[in-house]
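Structural description and commentary
Next come the chains, spelled out residue by residue.
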Amino acid sequence: MKSAKALIYVALLLFGLGVVQLPAAQAQAICPYAQIRVDAAQSLDEDAICNAAQPWSDAGWQVLIYLTDQTPANEDAWYSQLDQVEIATGLRDAGLDDSFERRGLSLAATTGTPATWGIAVTIGDRLYDTPLDTDGGANQVRTQIQAGLREDNPTQGFVQGLNTAYGLAESALAEPTPFPFLPVGGAAAAGGVALISGRTVLGRRRRYQQRQQQLETLKGHTANLLMACEQQISSASVDDMVPYRLFTIAGGSQYPQLDQQVRTWLGQARQALDQAFVVKDDLSGKSPHSTAELVEAIRAWELFYLTIVGGETRKITTSEEALHQLFTPTQLGYQSQDNQLMQQLQTIQQTLADKSLVVELTEVSPDAAEIDPQGIVGYLQQVVEQINRLEASQANAPRDLAAAQEQRDTVAATCPASLGLSPDQALAGVDRTLAESQALQDQGRYLDAIDQSQQARQQLTAISASFSAVVSAWMERNELTELQNRGFRLDSLASLGQQQQQVTGKIKQELAQGHYNPLPDLAADLQQCTKTLSQKSQDLVAQHSRNQQTLQDAQQMVARLDGQANTRAATIVSTLETYPPSNSQPAAAILTSCRQELDQCRDRMAEAERLNSMAVQDFEAAAQVLAAVDALFPQIDDRLNQVEQHLHWVRQMETRLDQYLGGTYKTLQFIPSIASGQGLLSSVAQVFKNFNQGGSNQIEAKVPAQLPPALATVEENIVQIQQLAAQREYLLALQHWVQVQQQSLHCALDQLANRCNIVRGSFPTVVRDPSANSRGQQLLQTVTATLQTTRTQLATEDDPAKLLALPDTLPPLLSQIQQAESEARQAAIAPQQTHTHHSHSSGSSWGGGSSFRSSGSSRSSSSSSRSSSSSSRSSSRGSSSRGSSSRGSSRRR
């Protein structure tokens, strides 16, 4: 409780002095724990970064994450740019030279430069002298961010950097915040920052001093590296150099070509070393006097360091341990009778034991074009690798020979009898190679012995592949023989079989002569030939089996359709014959046609069975015939269903003529209401009342006089439908009704589309109510789309049931058009005047192409003056700037 009261007291004191400022992170709706600024092509996962920043925020710290693609001209330009970002986010005070939030952390990176300074870690003075400030903690954070950028995953880099920084600074984060004010001219306890007239001046000087220290460290480590190289190749003669003497002890002199290569590397290293001492003297004689000269000096020394190490070698020897192991060969395990050499090696090890050789690059990338890819260290590294190889060969040679011999015995056991060669005959060349490997090993030429063993293993791999190919070919020939015994003719595969035998013969010839190099290509050819032969033979058998199954299915389908034609369809035709001939003749014609098509199917199936027989074996032609038969079955089945549909239609017209004609009258009565805008329900109700009173035999419902000319003959057509129905010519009556119904619906759709266009043209040019305007336009779009869909359906629809239901879809469309008309009026009326015109929303005339006319009342063009609100908003934020006493200096790491 006391702690809470103390915090409240400090907060009140700060507020009273006008220095309270909410952290910038709190102003962000996305992340309440950090400010995340991105000016780059790559994006950041703000949720992941925000979660990583929460522990900092919970401890009362302000965090900035900044990523940009901009390319700064130099380090100073980059830090100036970063200063501006920190000022904008409230971490730095623009009025002070180096005033950074004491409880602040900034992690920033630019992808515009490969230099190490392109990644900045800025800390407030509360983090000074913590592991994050010392012990290379900031460098560790920068390395993680740099790795994330290199892997195109900057989010991971920043998250790891935040977590690592928190772990290094956790002890300082847990400490209570000290009293924030320092007396003018006093010294800050944290970091020793002097305040002169409220301004901190140490930050930029600290950065310059850090660069100076970096340059001195660079010089020292480079000097250590040169000394290490000098100890290795101090003699002018290659024979006396430490690496060459070790090379000789390991047996390198037995390999003339390798010996010459090692001599060349050491000679190049010595020449480069002489040049390096000249460059070192030149660089050491220059003293920088400004920040720019200091940065240039660091760059020059880093280039010099990389020239010694080498660009490629730098990627391998990036640790102290790796470089020390390279320059202290006694760690490699050599034992020699040359006491002088062993003493020299021990001296080298002792001299370098406490020397640092690695340099952290800040200005130069290891991939710089001007860097020698090898360097002095690179040449020495190659020599050491050969020494290691020579020493290991004494143990590897016997092991490799034993492995090759074991592989030889395994491959020999798989030699196929069908090849016509014994294992010893097929592997005679391998045996000679193995014998040569043993002889070289006996002579102490272990590297050559290893090469021979490896060559033997490569030969055995090729031989094993050829054995497998020969076995596969032999098995395929057996399968083809079995197919022939079953009666299949394989004449089309004869050329592939001949090719298979030819390749097998070549493999046998090369094996017998001990020529193993051609075997991989021959084995691949034989495998491909065998695979093609197998696939084609399988396809042949499969096609025959599919034809047999298809033929059985076709026979069952013909039996089913034949039964349907001679039972159900024939019965329906007999029933229709009780009506006038116009009802039965179409169904009888369909039934006759189906029976004829079934007879054709039987004939074609017999032909397919002949083609698919083992006597003919024209399987592809049989498949084509069966496919043609199979295509007829859906057509026949559909036509037989049409016979049943004819009886359904006849009975429908016989019992429901009133309902069909009622659907037509509904459409006809609806058409005039489209143009007049009159209500629909009353008209339709009157039609049905008249119609139901009159009955189907005496139509009293009259066709409206306002119908378009396109429907001038509709009444005559309705009378004709009645007459046909009275004569029991129901199918003819149905055909006429379908035509009349389609004609009426087309006319109704045209009238709706015309009215839609009229309403669309009535929307005002000057819109007073945008919301009403938008609703009305949307309604018209919906109606237009529905009309198009209905028109498309009507163009191909001849199902009486669906045609009968279509009129019910039209009144809702008219209702939507009328609603759009109302919205058009609303859009033309000013919102504040809506109540004066609302009662007239349905009073417009929409006859024959008339357009909407808006109210004649004039509106004043001058805009009414608006009085501004006198109430001002009080800011919930504190002062935008902090007093100098609440700020500390920053360190760029």
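Residues numbered from 1 in each chain as written. Predicted model: local features only at pLDDT ≥ 70, side-chain atom pairs only at ≥ 80, totals over all residues. Heavy atoms only, no water.

1. Quick word on the overall build of the protein
For clarity, the threshold we go by: Each helix is a run of H or I in the DSSP string that is no shorter than four residues. Each strand is a run of E no shorter than two, and both are numbered from the N terminus. Burial classes: relative accessible area under 20% of the type maximum marks a residue as buried, over 50% as exposed, and values in between as partly exposed (1.4 Å probe, protein chains only). When checking whether two residues touch, look at their non-hydrogen atoms; a contact exists if any pair is within 4.5 Å. All accessible-area figures derive from a Shrake-Rupley calculation using a 1.4 Å probe, and residue coverage is judged against the displayed protein chains alone.
Of regular secondary structure, the protein possesses 28 helices and nine strands. Looking at the 893 residues of the protein, the share that counts as buried comes to 44%. Put simply, of all contacts in the protein between residues at least 6 apart along the chain, 77% involve residues at least 24 apart. Element-wise, carbon and sulfur atoms account for 49% of the exposed surface of the protein, whose accessible area totals about 45,000 Å².

2. Describing the confidence of the model for the protein
Here is the rule: pLDDT expresses how confident the predictor is about each individual residue, on a scale running from 0 to 100.
Residues with a pLDDT of 70 or more make up 79% of the protein, whose mean pLDDT is 79. Of the regions scoring below 50 in pLDDT, residues 177-203 engages in 54 contacts with residues more than four places distant in sequence or in other chains. The low-confidence segment residues 678-701, where pLDDT is below 50, has 28 contacts with residues more than four positions distant or belonging to other chains.

3. Quick notes on the nonpolar core
Operational definition: Throughout this description, the term nonpolar core refers to a set of buried Ala, Val, Leu, Ile, Met, Phe, Trp, Tyr and Cys residues connected via side-chain atoms within 4.5 Å.
In this structure, Ile-636, Leu-640, Trp-737, Leu-752 and Leu-810 are the most contacted members of the largest nonpolar core, which totals 71 residues. Counting residues per element, this core draws most heavily on helix H24 (residues 730-761), which supplies 14 residues. Formed by 55 residues, the second largest nonpolar core is a distinct cluster that contains Cys-229, Tyr-255, Val-364 and Val-383.

4. Observations concerning the pairing of strand E1 (residues 35-39)
Rules: Any two strands between which DSSP finds at least two bridges are classified as paired. By convention, orient the strands away from the viewer: a clockwise path from the first strand over the helix to the second makes the crossover right-handed.
Sheet topology places E1 next to strand E2 (residues 62-68); five bridges connect them, and they run parallel. Pairing of Arg-37 across the sheet is with Tyr-66, part of E2. One crossover worth recording links E1 to the parallel E2 by way of helix H2 (residues 46-58), and it is left-handed.

5. Concerning the pairing of strand E4 (residues 104-110)
In terms of burial, E4 is a largely internal element, seven of the seven residues being buried. Here seven bridges tie E2 to E4, and the two strands are oriented parallel to one another. Of the residues in E4, the one forming a bridge with Ile-65 is Leu-107. The pairing of E4 with strand E5 (residues 119-124) spans five bridges and is classified as antiparallel.

6. Thoughts on the environment of Leu-67
Within the secondary structure, Leu-67 sits in strand E2. Residue class for Leu-67 comes out buried when judged on its relative accessible area of 0%. The sequence separation of Leu-67 and Gln-42 amounts to 25 residues, and the corresponding C-alpha distance is 8.7 Å.

7. A few points about helix H27 (residues 810-828)
Using the following cut-off: Working rule for helices: expected span equals 1.5 Å times residues minus one.
In this model H27 runs 28 Å from its N-terminal to its C-terminal C-alpha over 19 residues, within 8% of the 27 Å that 1.5 Å per residue would give. Those residues of H27 not exposed but buried are Leu-810, Leu-813, Leu-814, Ile-817, Ala-820, Glu-821, Glu-823, Ala-824, Arg-825, Gln-826, Ala-827 and Ala-828.

8. So, the side chain of Arg-103
Formally: The sign given to each residue is positive for Lys and Arg and negative for Asp and Glu; His and the chain ends receive no count. The working definition used for a salt bridge is a side-chain nitrogen of Lys or Arg within 4 Å of a carboxyl oxygen of Asp or Glu. Polar contact is the term for a pair of N or O atoms within 3.5 Å; when the atoms are in protein, one must be able to donate a hydrogen and the other to accept it, and sequence-neighboring residues count only if both atoms are side-chain atoms.
Relative to the helices and strands, Arg-103 is located in the loop between strand E3 (100-101) and E4. No salt bridge is formed by the buried Arg-103; its nearest oppositely charged neighbour, Glu-101, is found at 7.0 Å. In this structure the side chain of Arg-103 is engaged in a polar contact, spanning 3.0 Å, whose partner is the backbone oxygen of Ala-59.

9. Considering the packing of aromatic side chains
Put simply, the test is: Only Phe, Tyr and Trp rings are paired, with Trp represented by its six-membered ring, and only when their centres lie within 6.5 Å; those with planes under 30 degrees apart are stacked, over 60 edge-to-face, the remainder tilted.
Under the defined criterion, the tally for this structure stands at eight aromatic pairs. Here the aromatic rings of Trp-56 and Tyr-166 are separated by 5.7 Å at their centres, their planes lie at 75°, and the arrangement is edge-to-face. Residue Trp-56 is located in helix H2, and its partner Tyr-166 is located in helix H5 (residues 154-174); the two are separated by 110 residues in the primary sequence. A relative accessible area of 23% places Tyr-166 in the partly exposed class. Each residue in the set Trp-56, Trp-61 and Tyr-166 is aromatic and connected to the rest through ring pairs, giving one cluster.

10. Details of the packing of helix H23 (residues 714-726) against H24
Formally: Simply put, an axis is a line fit to the C-alpha atoms, just over the touching stretch for a helix, and the angle between two N-to-C directions goes from 0 to 180 degrees. The scheme is simple: roughly parallel for angles under 35 degrees, roughly antiparallel for over 145, roughly perpendicular for 65 to 115, oblique for anything else. By definition, turning the near helix anticlockwise from the far helix through less than a right angle yields a left-handed crossing, and turning it clockwise yields a right-handed one. Amino acids outside the nonpolar list (Ala, Val, Leu, Ile, Met, Phe, Trp, Tyr, Cys, Pro) and the charged list (Asp, Glu, Lys, Arg) are all regarded as polar, and Gly is one of them.
Close contact between H23 and H24 brings their axes to 8 Å; oriented N to C, the two are set at 160°. Our classification of the angle between H23 and H24 gives roughly antiparallel. For the pair H23 and H24, the sense of crossing is left-handed. Between H23 and H24, the residues in contact are Val-714, Asn-717, Gln-720, Ile-721, Leu-724 and Ala-725 and Tyr-730, Leu-732, Ala-733, His-736, Trp-737, Val-740, Gln-743 and Ser-744, respectively. Looking at side-chain class alone, the contact of H23 with H24 contains nine nonpolar, five polar and no charged residues.

11. Considering the state of the cysteines
The line we're drawing: Two cysteine sulfurs form a disulfide in these notes if their separation is within 2.5 Å.
For the structure shown, the criterion picks out one disulfide. Between the sulfur atoms of Cys-31 and its disulfide partner Cys-50 the distance amounts to 2.2 Å. Between Cys-31 and Cys-50, the S-S dihedral sits near 95°, and the bridge is therefore right-handed. Separated by 19 residues along the polypeptide, Cys-31 in the loop between helix H1 (2-16) and E1 and Cys-50 in helix H2 bring together distant segments of the chain. Both residues of the pair, Cys-31 and Cys-50, count as buried.

12. Examining unusual backbone geometry
Backbone geometry places Asp-152, a non-glycine residue, at a positive phi of 55°. Tracing the sequence through the fold places Asp-152 in the loop between helix H4 (137-150) and H5. Here Arg-728, not a glycine, exhibits a phi torsion of approximately 65°, which is positive. Position of Arg-728 among the secondary structure elements: in the loop between H23 and H24. In this structure Arg-728 comes out as partly exposed when scored by relative accessible area, which is 32%.

13. Points about the environment of Cys-50
Judged by relative accessible area, which is 5%, Cys-50 ranks as buried. Each residue touching Cys-50, except ones within four places of it in the same chain, is listed here: Cys-31, Pro-32 and Tyr-33.

14. Remarks on the pattern of salt bridges
Overall, the coordinates contain 25 salt bridges when judged by the stated rule. Close ionic contact of Glu-86 with Arg-92 constitutes a salt bridge, the shortest N to O distance being 2.8 Å. For the residue pair Glu-86 and Arg-92, the accessibility class agrees, reading buried in each case. The partner of Lys-286 in a salt bridge is Asp-282, with the nearest N and O atoms 3.7 Å apart. Each of Arg-408, Asp-409, Asp-424 and Asp-431 takes part in a single network of salt bridges with overlapping partners.

15. Description of H2
To keep it simple, the criterion reads: The reported bend at a residue is simply the angle between two axes, fitted to the 7 residues ending at it and to the 7 residues beginning with it.
Over its 13 residues, H2 runs 18 Å from end to end, which matches the ideal 18 Å to within 8%, given 1.5 Å per residue. Its axis deflected by about 35° at Ala-52, H2 carries its strongest bend there, up to four residues before the proline Pro-55. All of the buried residues along H2 are Ile-49, Cys-50, Ala-52, Ala-53 and Trp-56. Sitting at the amino-terminal end of H2 is Asp-45, which places a side-chain oxygen 3.2 Å from the backbone nitrogen of Asp-47. Residue Gly-60 follows H2 closely and has a positive phi angle near 90°.

16. Some words on the packing of helix H16 (residues 446-485) against helix H17 (residues 494-513)
Contact geometry for H16 and H17: axes closest at 11 Å, N-to-C directions at 145°. In this structure, H16 crosses over H17, and the sense of that crossing is left-handed. Residues Ile-463, Ser-466, Phe-467, Val-470, Ala-473, Glu-476 and Arg-477 of H16 lie in contact with H17, whose contacting residues are Gln-500, Gln-501, Thr-504, Ile-507 and Leu-511. Looking at side-chain class alone, the contact of H16 with H17 contains six nonpolar, four polar and two charged residues.

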